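The residues making up each chain are set out below.
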Amino acid sequence: MTKSSKRPSAGLPDKDTLVAFLREAGSAEKTDIARHFGLKGGDRRALREMIRELEAEGRLGKRGRKGFSEAGALPPVGVADVIERDGDGELYVRLVEASPDAPRAILMPDKSKAAPGLGDRVLVKFQRGAEGWEARLIKKLDVGTNRVLGVIRKSARETRVEPVDRRSKDVLVVPQAQSGDLRDGDLVLAAIEKGDQRYGPKRGKILEHIGKEDDPRAASLIAIHAHGVPTGFSEAVEREAEDQALPTLKGREDLREVPFITIDPADARDHDDAVYAARDEDPKNESGWIVWVAIADVAAYVRPGSQLDREARDKGNSTYFPDRVEPMLPEVLSNGLCSLKEGENRACLAVRMVFDKDGRKTGHRFVRGLMRSHAKLSYEQAQAAIDGQTDDTTGPIMEAILYPLWNAYHAMLKGRLKRSPLQIESAERRIRMAPDGGIASIEKRASLEAHRLIEEMMIQANVCAAETLEQKKTPLIYRVHDTPSQEKIFNLADFLSTIGKPWNKGEPGTTKRFNKLLDETRDTEHADVVNEVVLRSQMQAIYSPENIGHFGLNLDRYAHFTSPIRRYSDLIVHRGLIRALGLGKDGLTDREIAELPAIAEGVTMTERRSMAAERDAMDRYIAAYLEEHVGATFAGRITGVTRFGLFIRLEDTGAEGLVPVSTLGSEYFTHDDRAHALVGERTGKRFTLGRMVEVKLREATPITGGLVFEMLSEPEPRDPNAPAPRYGMRGRGGDGPPMRGKNRPGGPKPRNGSKPSGGLKGVRKGKRK
């Protein structure tokens, strides 16, 4: 318990006194509250009732499993996760053991400390600011914060390790005794040595030689080490994975005659899910459909408490890079026994769903079965067949399999449209590898109806899993997505006012309201930026044993069930179904039920770790691809406006880089956070969020993933309705970070003044799902 300076008093407090105590204490459990006020017997029972009433009134919120705090309050000091970066480049943190109503806090900049990144865990001081909660960094709590992943730079006088993380200030000097075998451009993991050194670069000790910065796999290797993504498997786990028997019909329903097919990316090596649909022959469900979704029965091979299970839980999920994948399970399972391969018997957990003609699900049941996939298709292959371009694989199965699947989906689509999930459009990019191992191209991923068909069938299967577990009163891990905070809605409304789209700040942010806004702007010049700001106004989805629904999908209950090969959360849901339905002895254990909060927090963390690693690797690959185009001009869009510059996303590749405010000219520029603009103090001319601009690529640094642009477009005229900016710094825009030396966006330069080695040019073609 957080100690209070108040002297304990006797007797039951009134509600205001209790809330005031929790405001000062930060949080406390019921027993601690009772002890503070000296309550016994009946007073303790009355206290419990008072707490329930205060919760119902919205004045108290949960903190952790047993604690309580004032609703919307944060403790003086707490452990928090860096959860997001907004459109203006500001970082936000959320308390680790936060109640659903706990606010996020803006992380105030501190030039004396290296800024954390998304997914980092930090110790911070919280305080109320003029515009909401603020957090001030005490220290980063990430494992290995005394370690630096960097590149060796050798000179005649010394050997240095320059960090690959653009945010890091820790350039290390390596003792000569350790540097003899090192070469310029080597990638190493080094430890910062403790000592009383106050001036000059810190001293370091080499822990591991990882490779070369021009190694084809450097981008993914750097991301893996920088984010602590677990790699490989122990010998014990490999042996356990290999020591598995082929599935039989024992304890399973025979589904081998059901003509399931898999539809996956063309380069997929593992296949979690298979689908089949047929017209419902029940006369009571005229024009209705039966839809089957079969999922690999990973629980049959990865059993609770086994070494396989422990390492899968540590990994949490598979992590995907353009040239490789770090799988959650050994290949003998992920690409073998657990993969629903065409023509081979496979253990599965399947759900049979019934939909009426309007796409409303009227029933479902789960079975543990033995199936055999009748065809393996890619998304492009399936879509081409439906569009009339069949091949030797799709031609023979059009009437019996593909047409029924699409007709069932079109019925399900009616239900989806009525549900009105959030319709944000996200242009994903993929890196295409060349046969020689280089980067052939960076291109947009096509959005096909085949993608949406599989997505909707998986969503419905996930809903069925959550519904069944709730009905059977079996604890589970939900996939939850909170509604946008009032602060986010206010920020969205402020921005929309700048483009003439009214949004009443008192109006709740429902999916239908968001979709109406997206539809109204879809064919206008503001379509992309509105899509972007709506996306940024959303909360992050997490895993939780407590259900608050899924806002984005507009669903009351939702659980991940369909990808147990690559997500530990789904494996837990499978075990829950096995336990709830009596489908075997390898279901969820009592110990796992007790650990569900910790498991949910763990898989949320590993998911964010993987996302950050994948994003960092993409940045480095893109920088390597663009390094040969330094000096070229590109069309791009302003996707972020900060005090220190403009973030630009290139139209063709999706690459994102910075135009430093110091390069925008001689005029003073200030950051107007409400208008999402940099505004010239003298002329009032503006660079605004969402605007299309032309930029020149000035610097591409593959080892850090940094891109620096020069603005070629002129600013927009002054907004006649906007007040003149009140302050500014010449070419610096307030208190943004300095743009020189090792802190500049492109990363550190070598001491000898030569251009940083590009590397990453000969990227070998990897194997990826």
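Since we're looking at a predicted model, the values are computed, not measured.

Engineer: Report on the side chain of Thr394, specifying residues and quantitative values.
Structural biologist: One can find Thr394 in the loop between helix 9 (379–386) and helix 10 (398–419). Classification of Thr394 as buried rests on a relative accessible area of 0%.

Engineer: Tell me about the packing of helix 10 against helix 11 (residues 449–471), and name the residues and values.
Structural biologist: It is at 10 Å that the axes of helix 10 and helix 11 come closest, and there the two elements cross at 70°. In terms of their interaxial angle, helix 10 and helix 11 are classed as roughly perpendicular. Every pair of crossing elements has a handedness; the one defined by helix 10 and helix 11 is left-handed. Each of Leu405, Trp406, Tyr409, His410, Met412, Arg416 and Arg419 in helix 10 lies in contact with helix 11, whose residues at this interface are Glu449, Ala450, Arg452, Leu453, Glu455, Glu456, Met457, Ile459 and Gln460. Here the contact of helix 10 with helix 11 is built from residues that sort into eight nonpolar, two polar and six charged.

Engineer: Outline the sheet that holds strand 12 (residues 186–192), listing residues and values.
Structural biologist: Strand order in the closed barrel made by the five strands is 9-10-11-13-12, with mixed pairing throughout. The sheet shows a mean angle of 50° between the axes of neighbouring strands, direction not considered. Examined bridge by bridge, strand 9 (residues 147–154) and strand 12 share five bridges and lie antiparallel to one another. Bridge pairing in strand 12 links Leu149 to Leu189. Running at roughly 135° to strand 13 (residues 202–212), helix 5 (residues 218–227) makes contact with strand 9, strand 12 and strand 13 of the sheet.

Engineer: For the pattern of salt bridges, give the residues involved together with the corresponding values.
Structural biologist: This structure, assessed with the given rule, holds 45 salt bridges. Here Glu235 makes a salt bridge to Arg239, at a shortest N to O gap of 3.8 Å. Of this pair, Glu235 and Arg239 both sit in helix 6 (residues 235–242), separated by four residues, roughly a single helical turn. Residues Glu235 and Arg239 agree in their burial class; the two are exposed. Between Arg575 and Asp309 there is a salt bridge, and its shortest N-O distance comes to 2.9 Å. Of this pair, Arg575 sits in helix 15 (residues 568–581) while Asp309 sits in helix 7 (residues 307–315), and the two are 266 residues apart along the sequence. Across the pair, Asp309 and Arg575 agree in class, each one buried. One network of salt bridges, in which partners are shared, links Arg153, Glu162, Asp184 and Glu213.

Engineer: Break down the nonpolar core for me, with residues and values.
Structural biologist: A general trend in soluble globular proteins is that nonpolar side chains are found buried together. With 53 residues, the main nonpolar core has Leu646, Ile648, Leu664, Val695, Leu707 and Met711 as its most contacted residues. Excluding anything up to four places from it in sequence, Leu646 contacts Ile638, Gly640, Val641, Gly657, Leu658, Val659, Leu664, Leu678, Phe687 and Met711. Residues Val293, Leu349, Ala411 and Leu476 belong to the second largest nonpolar core, which totals 47 residues.

Engineer: I'd love a proper account of the side chain of Asp309, names of residues and values included.
Structural biologist: By relative accessible area, Asp309 is classed as buried at 6%. Within the structure, Asp309 has its side chain in polar contact with the backbone nitrogen of Gly305 (distance 3.3 Å). Once residues within four sequence positions are removed from consideration, Asp309 is found in contact with Val302, Arg303, Pro304, Tyr568, Leu571 and Arg575.

Engineer: Help me get a handle on the packing of helix 7 against helix 15, residues and values and all.
Structural biologist: Running from N to C, helix 7 and helix 15 cross one another at 130°; their axes reach a closest spacing of 9 Å. Accordingly, the angle class assigned to the pair helix 7 and helix 15 is oblique. Contacts from Asp309, Ala312 and Arg313 of helix 7 reach helix 15 at Tyr568, Leu571 and Arg575. Of the residues in the contact of helix 7 with helix 15, the class split is three nonpolar, no polar and three charged.

Engineer: Give me the lowdown on the sheet that holds strand 7 (residues 121–129), citing residues and values where you can.
Structural biologist: Here we have five strands rolled up into a closed barrel, ordered 4-5-6-8-7, and mixed in their pairing. Going across the sheet, the axis of each strand differs from the next one's by a mean of 50°, ignoring polarity. Relative to strand 5 (residues 91–95), strand 4 (residues 77–85) is paired through five bridges, and the arrangement is antiparallel. Paired with Ala80 across the strands is Leu95, a residue of strand 5.

Engineer: Give me the lowdown on the packing of aromatic side chains, citing residues and values where you can.
Structural biologist: Inspection of the entire model under this criterion finds seven aromatic pairs. Between Phe21 and Phe37, the aromatic rings sit 5.5 Å apart at their centres with planes inclined by 70°, giving edge-to-face as the arrangement. Linking Phe21 in helix 1 (residues 15–25) with Phe37 in helix 2 (residues 30–37), this pair joins segments that are 16 residues apart in sequence. Grouping residues by exposure puts Phe21 and Phe37 together as buried. Relative to Phe687, the ring of Phe669 lies with its centre 6.1 Å away and its plane at 40°, an arrangement referred to as tilted. Here Phe669, found in strand 30 (residues 668–672), pairs with Phe687, found in strand 32 (residues 686–688); they are 18 residues apart in sequence, far enough to count as distant. What makes Phe687 buried here is its relative accessible area of 3%. Each member of the aromatic cluster is reached from another via a ring pair, and the members are Trp503, Phe514 and Phe551. Looking at Lys315, its charged tip hangs above the ring of Phe233, at a distance of 4.2 Å from the centre. Over the aromatic face of Tyr543 sits the side chain of Arg479, whose NZ or CZ is 4.5 Å from the ring centroid.

Engineer: Any details on the pairing of strand 9? Residues and values, ideally.
Structural biologist: Within a regular beta strand, the side chains point alternately toward one face of the sheet and then the other, so they alternate between its two faces. Counting buried positions over the eight residues of strand 9 gives six, a clear majority of the element. Of the pairings in the sheet, the one linking strand 9 to strand 10 (residues 159–163) comprises five bridges and is antiparallel in character. If you follow Lys154 over to strand 10, its bridge partner there is Thr159. Here strand 9 folds back onto strand 10 in antiparallel fashion, the turn holding four residues.

The rules behind each value
- In this numbering scheme, every chain counts its residues from 1 along its sequence in written order.
- Selection of residues for local features in this predicted model requires a pLDDT of at least 70, selection of side-chain atom pairs for listing and counting requires 80 or more, and totals for whole chains, interfaces and linings are taken over all residues.
- Hydrogens and waters are ignored; side-chain quantities use all the structure's heavy atoms.
- Secondary structure elements follow DSSP: runs of H or I no shorter than four residues count as helices, runs of E no shorter than two count as strands, and numbering proceeds from the N terminus.
- Relative accessibility under 20% of the residue-type maximum defines a buried residue, over 50% an exposed one, and the middle range a partly exposed one, all with a 1.4 Å probe and only protein chains included.
- Lines fitted to C-alpha atoms define the axes, with helix axes restricted to the stretch in contact, and inter-axis angles between N-to-C directions lie between 0 and 180 degrees.
- Just so you know how the angles are binned, under 35 degrees is roughly parallel, over 145 roughly antiparallel, 65 to 115 roughly perpendicular, and the rest oblique.
- Should the near helix be turned anticlockwise from the far one by less than a right angle, the crossing is termed left-handed; should it be turned clockwise, right-handed.
- Residues are treated as being in contact if the distance between any of their heavy atoms lies within 4.5 Å.
- Here the nonpolar group is Ala, Val, Leu, Ile, Met, Phe, Trp, Tyr, Cys and Pro; Asp, Glu, Lys and Arg are the charged ones; every other residue, Gly included, is treated as polar.
- Strands pair, by our definition, only if DSSP identifies at least two bridges between them.
- Whenever a carboxyl oxygen of Asp or Glu lies within 4 Å of a side-chain nitrogen of Lys or Arg, that contact is scored as a salt bridge.
- Here, nonpolar core refers to any group of buried Ala, Val, Leu, Ile, Met, Phe, Trp, Tyr and Cys residues whose side-chain atoms link them within 4.5 Å.
- Counted as a polar contact is a pair of N or O atoms within 3.5 Å, where, for protein atoms, one must be capable of donating a hydrogen and the other of accepting one, and residues adjacent in sequence contribute only when both atoms are in side chains.
- Each Phe, Tyr or Trp ring (for Trp, its six-membered ring) is paired with any other whose centre lies within 6.5 Å, and the angle between the two planes then decides the class: stacked below 30 degrees, edge-to-face above 60, tilted in between.
- Working rule: Lys NZ or Arg CZ, within 6 Å of ring centre, within 35 degrees of ring normal, means a charge sits over the ring.

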